[in-house]
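Geometric and topological summary
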Amino acid sequence: MNTTEITVLEEIELDNPIFIEALPGLGHVGKLAADHMIDELGATKFAEIYSPTFPPQVLVKEEGIIGNMLNELYYLKDVGEDNLDLILLVGNTQALSPEGQYLTCKEILEFVNQFDIDRIYTLGGMVTSPQPVENPKVFGAATCEENIELLKEAEVEIRSNDGGIVGASGLFLGLGIRQGIQGTCLMGETPGYFIDAEAAEALLLKLSLLLNFEINTDKLDERAEETRQMIAKAQQMEQDLINKANAGNADDLRYIG
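Heads up: these notes are all about the structure in this document. Just so it is clear, the model here is predicted, and its values are computed rather than measured.

1. Considerations on the overall build of the chain
When helices and strands are counted, the chain shows six helices and eleven strands. Each principal axis of the C-alpha atoms in the chain carries an extent, and together these give about 80 × 45 × 35 Å. Taking all 257 residues of the chain together, the buried fraction comes to 46%. Just so you have it, the chain exposes about 13900 Å², and 48% of that area is on carbon and sulfur atoms. When the 17 basic and 44 acidic side-chain charges of the chain are each reduced to a single mean position, those positions are 6 Å apart.

2. Remarks on a negative patch on the surface
Where like charges cluster on the molecular surface, the negative patch consists of Asp-39, Glu-40, Asp-218, Glu-222 and Glu-226. Listing elements by their share of the negative patch, those giving two or more residues are helix 1 (29-41) and helix 6 (218-253). A per-element tally of the negative patch places helix 6 first, with three residues. Its location among the elements puts Glu-226 in helix 6.

3. Quick look at the pattern of salt bridges
Per the counting criterion, the structure on display carries eight salt bridges. Between Asp-35 and Lys-31 there is a salt bridge, with its nearest N and O atoms 3.0 Å apart. With a gap of four residues between them, Asp-35 and Lys-31 both fall in helix 1, about one helical turn apart. Arg-159 is the partner of Asp-162 in a salt bridge, and the nearest nitrogen-oxygen pair spans 3.0 Å. When salt bridges with common partners are traced through the structure, they connect Lys-45, Glu-48 and Glu-72 into a single cluster.

Rules used throughout
Residues numbered from 1 in each chain as written. Predicted model: local features only at pLDDT ≥ 70, side-chain atom pairs only at ≥ 80, totals over all residues. Heavy atoms only, no water. Helix = DSSP H or I, 4+ residues; strand = E, 2+ residues; numbered from the N terminus. Buried < 20%, exposed > 50% of the residue type's maximum accessible area, 1.4 Å probe, protein only. Areas by Shrake-Rupley, 256 points an atom, 1.4 Å probe, with all protein chains shown as cover. Lys, Arg positive; Asp, Glu negative; His and termini not counted. Charge placed at Lys NZ, Arg CZ, Asp CG, Glu CD. Patch = residues over 30% accessible without salt bridge, like charges linked within 9 Å, V, L, I, M, F, W, Y side chains within 5 Å. Salt bridge = Lys/Arg side-chain N within 4 Å of Asp/Glu carboxyl O.

Printed below as a string of structure tokens:
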């Protein structure tokens, strides 16, 4: 096995779909947003992707059930007021090496482009601070000025001359440029070290605005609140340890002199 295996589960017909990539990354922001779209809008899985470039392991899930490292393709038809068709790429991994990233992204893009994809959106996270953000911003970049203007109209913060976009979220855009496919990257502001539902919600609301569809984010709100409570508890535990250590040092000082 030296190439990416794409197993088609259902033969489908789509009308110039928009391709949305949301593989795991910083804070799982893009993945969480896309997983919510899949559940909330009722997307259907039509293909599974397996590659030797994925990590050499399997996942042990509930009750000891083993699952493969996979990417998956879902589709939605007639979404929103513009009746858009969408293809969503999600999964539990990305390729490990730069060579693997090029191989899998190239083959996935060739596969989805048989449906004559109209545009590419890649979804991810962007670290601006190690501290959690109360109202996370959404940052964006695009392959053409027209898409930059659309981002500005949606009040997305434009990234400018501040580094690259690493992994599948960047590579799909670069490969798309080579094939004449316009692309946009949306990045939710996140510390990056926990599953960030709040950043995912902010990103999803911008995506829904750009693609003109409505989506209920109540479940993401619940997840964001759970995350906030988890952070608050962790911060309180950290502060308690600091206070205890400081109190111990004070006690030690009383024995000096």
